Amino acid sequence: MTIAETQNKIITEFQYFDDWMDKYNYLIELGMSLPVMDDKFKIKSNLISGCQSRVWLHASYKDGKIRFEADGDAVITKGIISMLIRVFSGQTPDDIINASLDFIDQIGLKEHLSPTRSNGLVSMTKQLKLYALAFKTKNE
Amino acid sequence: MNINIENIRKDFPILGQQVYGKPLVYLDNAATTQKPKQVIQAISDYYSLFNSNIHRGVHYLSQEATQAFEETREIIRQFINAENKKEIIFTKGATDSLNIIASSFAKSFINEGDEIIISSLEHHSNIVPWQFVCKERGAKLRIIPLNEIGEIDMAAFQKLINNRTRIVAVAHVSNALGTIVPVKDIIEIAHNHAIPVLIDGAQAVPHMKVDVRDLGCDFYCFSAHKMYGPMGIGILFGKEEFLEKIPPYQGGGEMIKTVTFENSTYGDLPFKFEAGTPNVAGVAGFKAAIDYLNNLGMERVAAYESSLYKYAVDALKNIDGLQIIGSGTNKTSVISFLMKGIHHYDTGTILDRFGIAVRTGHHCAQPVMDLFHIPGTIRASFGLYNTHQEVNKLVEALLKLKEMFGN
Ligand SMILES: Cc1ncc(COP(=O)(O)O)c(C=O)c1O
């Protein structure tokens, strides 16, 4: 599935929720079911700054694709990361670098996910793209 | 006479707001309080009717503005019962006041090897300026530890005092926990050793009657915006004898007597510490805030907040898994807490969706958090317009939160 297709799928899923509580319940569910990250990746260099809670992001590269793993202290934040990973993991560096994130605006969580919130969404997205850029330069 | 909350709430336009379609429950008063329409009106009136630069104009408006400005100084003197108007200096806020004292006091009184005592529950703004001083002058920062419920360890304090101690600088009330510090005892002990004391009163003045002469402190700092006044204005109280002995902080207009390129002579107190055009509109708003508090009476404000606080503590204690951080008995209306198994940021996020504004995180008091081995807390801080129903809403929202997180 392409990055755009996954985003569309998420948007459709969120259409089933009537109110904010259902949406947050879903985020909490996503956050709680995010696979636990190996402790060896929970290191300072993987920490994303700009979040009110701790978030670690690790990336690996295989056969031209990037795989992301992440973890954090706050469940709602983990729910958001889980969606980002779903969108970006398994994609090529080029696709990640060029992708625009429109699903955030369209799933009705804008007020929570707006860049002025210190939830680190901006830092997380930036970090994901930086990884993509790093792998691209390394392998060219 | 009791406080009529319904009438009070009508004075605060912002409290009528809805957030996410729910009535705003504003419980972040320790960060900043909302402003009554009297304060908003005073600022608007100032710009509509009186605006002009003060202390320098020969013209009518300037005289009016100057008079209002100086009258406010007198009202503030009375509010904290200082001896002399000269001891009241207008600053940008508590942070500014603390920086002025740290910097200027150090120039006159702190040398290599000297020691400065602060406590473990200080706000960063009563830590970092002293760290600057220590670095610049080769002095040492000594820290009074807290006991396990977040109170100052007085025995440890006495042991820290020695013949190199030059100043003691402590908060009157902790912003993170709401603990009231026994500053009067601290001042007495320090004065027995002839050591001056600075009190950071940012979290005290909004909640209780403060009398600087009764306390005996040498310096006292606070911000208008935490006591229903505007942002960008605050007070530095200093005993005349000390303010005379320390150099000015900034140079500029207003603070000088004569200027030549070789030298300048400084103006008298309080102007020596008020370089440049001050925040005159802020002072006008501040006056309205003090009038508002004086009208209600600080004793009544304190009594109302104390009953609300007790109600809130009892209600929150009933929630399974809720842990109150800092269980000292002598506290203002601040409750710092954690929900078992739920990150404070998640709690704050969900409360926000219920229209409840709280603060989450370390509250600019990281050393306090370190003491309790926690990264942060959720802080609900109450003001004179908060209600028992709002406490109930907080409790309901926390119960819903528990449901959402399955615990
Ligand atoms: C105890 C204490 N001191 C100082 C300050 C700094 O006040 P301001 O930011 O208004 O300068 C605060 C503000 O949170 C505080 O709580």
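These figures come from a predicted structure and were not determined experimentally.

About the cut-offs
Residues numbered from 1 in each chain as written. Chains lettered and ligands numbered in written order. Predicted model: local features only at pLDDT ≥ 70, side-chain atom pairs only at ≥ 80, totals over all residues. Heavy atoms only, no water. Helix = DSSP H or I, 4+ residues; strand = E, 2+ residues; numbered from the N terminus. Rg over C-alpha atoms; globule rule 2.2 N^0.38 Å. Buried < 20%, exposed > 50% of the residue type's maximum accessible area, 1.4 Å probe, protein only. Contact = heavy atoms within 4.5 Å. Areas by Shrake-Rupley, 256 points an atom, 1.4 Å probe, with all protein chains shown as cover. Lys, Arg positive; Asp, Glu negative; His and termini not counted. Charge placed at Lys NZ, Arg CZ, Asp CG, Glu CD. Pairing = 2+ DSSP bridges. Axes fitted to C-alpha atoms, helices over the stretch in contact; angles between N-to-C directions. Domains from an automatic or database assignment. Buried area = accessible area lost by both parts, 1.4 Å probe. Salt bridge = Lys/Arg side-chain N within 4 Å of Asp/Glu carboxyl O. Polar contact = N/O pair within 3.5 Å; in protein donor to acceptor, adjacent residues only side chain to side chain. Nonpolar A, V, L, I, M, F, W, Y, C, P; charged D, E, K, R; others polar. Near = heavy atom within 4 Å. Phe/Tyr/Trp six-rings, centres within 6.5 Å; stacked < 30°, edge-to-face > 60°. Expected span 1.5 Å × (residues − 1). Arc of directions from axis to C-beta.

J.: Can you tell me about the overall build of chain A, naming the residues and giving the values?
T.: For chain A, the count of helices and strands is 7 helices and 2 strands. Moving toward the C terminus, one meets the helices and strands of chain A in the order α-α-β-β-α-α-α-α-α. A compact globule built from 140 residues would reach a C-alpha radius of gyration of about 14 Å, and chain A, at 15 Å, matches this within 12%. Viewed in the frame of its principal axes, chain A has a C-alpha envelope of about 45 × 30 × 25 Å. Per-residue burial for chain A yields a buried fraction of 48% across its 140 residues. Intrachain contacts of chain A at a sequence separation of at least 6 include 64% that bridge at least 24 residues. As displayed, chain A offers around 7,300 Å² of accessible surface, 51% of which is attributable to carbon and sulfur atoms. The averaged location of the 18 negative side-chain charges in chain A is 6 Å from the averaged location of its 17 positive side-chain charges.

J.: Quick rundown of the sheet that holds strand β4 (residues 88-91) of chain B? Include the residues and the values.
T.: Residues and elements named next belong to chain B. Read from one edge of the open sheet, 7 strands run β4-β10-β9-β8-β7-β5-β6, paired in mixed fashion. With partners counted over all chains shown, the strands left at the sheet margins are β4 and β6 (140-144), one partner each. The average angle at which neighbouring strand axes cross in this sheet is 20°, direction not considered. Here 4 bridges tie strand β7 (residues 165-171) to strand β8 (residues 197-200), and the two strands are oriented parallel to one another. The partner of alanine 171 across the bridge, within β8, is aspartate 200. Seen against the sheet, helix α4 (residues 94-109) touches β4, β7, β8, β9 (219-223) and β10 (234-238) and runs at an angle of roughly 155° to β9.

J.: Hey, could you go over the domain arrangement of chain B for me, with residue numbers and the actual values?
T.: Residue and element names in this part refer to chain B. For chain B, the assigned domains read domain 1 (5-30 + 297-404) and domain 2 (40-294). Spacing between the C-alpha centres of domain 1 and domain 2 amounts to 28 Å. With 37 residues of domain 1 at the interface, the matching set in domain 2 holds 32 residues. At the boundary of domain 1 with domain 2, total buried surface from both sides reaches about 2,700 Å², with 60% on carbon and sulfur atoms. Where domain 1 touches domain 2, the interface holds 0 salt bridges.

J.: Tell me about the side chain of His343(B), and name the residues and values.
T.: By the element assignment, His343(B) lies in the loop between β14 (334-339) and α12 (344-353). On the basis of relative accessibility, which here comes to 12%, the residue His343(B) falls in the buried class. Once residues lying within four places of it in the same chain are set aside, the contact partners of His343(B) are Gln52(A), Ser53(A), Asp73(A) and Ala74(A).

J.: If you had to explain the interface of chain B and chain A to someone new, which residues and values would you point to?
T.: Taken together, the contact pairs 15 residues of chain B with 18 residues of chain A. Between chain B and chain A, a total of about 1,500 Å² is buried, with carbon and sulfur atoms accounting for 65% of that surface. Taken together, chain B and chain A are joined by 0 salt bridges. Where chain B touches chain A, the interface holds 2 residue pairs in polar contact (both at pLDDT 80 or more). Put simply, the parts of the chain that give the side of chain B that touches chain A at least two residues each are α12 and α14 (388-404) of chain B. Per-class residue counts for the side of chain B that touches chain A are 6 nonpolar, 4 polar and 5 charged.

J.: I'd like a description of the site of the ligand, backed by residues and values.
T.: Residue and element names in this part refer to chain B. Every residue near the ligand is listed here: Ala94, Thr95, His123, Ser125, Asn175, Asp200, Ala202, Gln203, Ser223, His225 and Lys226. At 2.5 Å from an oxygen atom of the ligand is found a side-chain nitrogen or oxygen belonging to threonine 95. Take histidine 225: an N or O atom from its side chain is 2.6 Å from an oxygen atom of the ligand. In isolation the ligand exposes 390 Å². Once the protein is present, 84% of that is buried. Considered class by class, the residues forming the shell around the ligand number 2 nonpolar, 7 polar and 2 charged.

J.: How would you sum up the packing of aromatic side chains? Please name residues and give values.
T.: All names here are of chain A. Tallied over the entire structure, the rule returns 20 aromatic pairs over all chains. Ring centres of phenylalanine 14 and phenylalanine 17 lie 5.4 Å apart, and the angle between their planes is 80°; this geometry places the pair in the edge-to-face category. Aromatic side chains phenylalanine 17 and tyrosine 26 sit 5.2 Å apart centroid to centroid with 40° between the ring planes, which places their arrangement in the tilted category. Here phenylalanine 17 falls in the partly exposed class, since its relative accessible area comes to 22%. Looking at tyrosine 26, the relative accessible area reads 16%, which means it is buried.

J.: Give a description of helix α7 (residues 121-138) of chain A that names residues and reports values.
T.: Owing to its 3.6 residues per turn, the α-helix aligns residues three or four sequence positions apart on the same side. All names here are of chain A. Relative to the 26 Å expected for 18 residues at 1.5 Å per residue, α7 spans 26 Å between its end C-alpha atoms, a close match to the ideal helical length. Turning to α7, its buried residues are Leu121, Met124, Thr125, Leu128, Tyr131, Ala132 and Phe135. Seen along its axis, α7 keeps its buried residues to an arc of 120°; they face one direction. Away from its buried face by more than 90 degrees, α7 exposes Lys126, Thr137 and Lys138.

J.: Which residues make up helix α3 (residues 75-88) of chain A, and what values go with them?
T.: Residue and element names in this part refer to chain A. Taking 1.5 Å as the rise per residue, α3 with 14 residues should run 20 Å; its terminal C-alpha atoms sit 20 Å apart, in good agreement. Counting buried residues in α3 gives 13 out of 14 residues, a clear majority hidden from the surface. Phi for glycine 90, located one or two positions after α3, is positive at around 85°.

J.: I'd like a rundown of the sheet that holds β14(B), residues and numbers included.
T.: All names here are of chain B. The strand order across the open sheet built from 4 strands is β13-β14-β17-β16, with neighbouring strands paired in antiparallel fashion. The open sheet terminates on both sides in strands that have one partner only, identified here as β13 (322-324) and β16 (359-361). Recorded for the sheet is a direction-independent mean angle of 30° between the axes of neighbouring strands. Sitting on the sheet, helix α11 (residues 298-317) is in contact with β13 and β14, with an inclination near 10° to β14. Packed on one face of the sheet, α14 meets β13, β14 and β17 (377-381) and runs near 15° to β14.

J.: Hey, could you go over the pattern of salt bridges for me, with residue numbers and the actual values?
T.: Counting across every chain of the model gives 24 salt bridges over all chains. Between Asp71(A) and Lys78(A) there is a salt bridge whose closest N-O contact spans 3.5 Å. With a relative accessible area of 15%, Lys78(A) lands in the buried category. A salt bridge links Lys184(B) to Asp214(B), with the nearest nitrogen and oxygen atoms 3.0 Å apart. Here Asp214(B) lies in helix α8 (residues 212-215) and Lys184(B) lies in helix α7 (residues 183-192), a separation of 30 residues in the sequence. Looking at Asp214(B), the relative accessible area reads 44%, which means it is partly exposed. It is possible to trace a salt-bridge network through shared partners that takes in Asp39(A), Lys42(A), Asp71(A) and Lys78(A).

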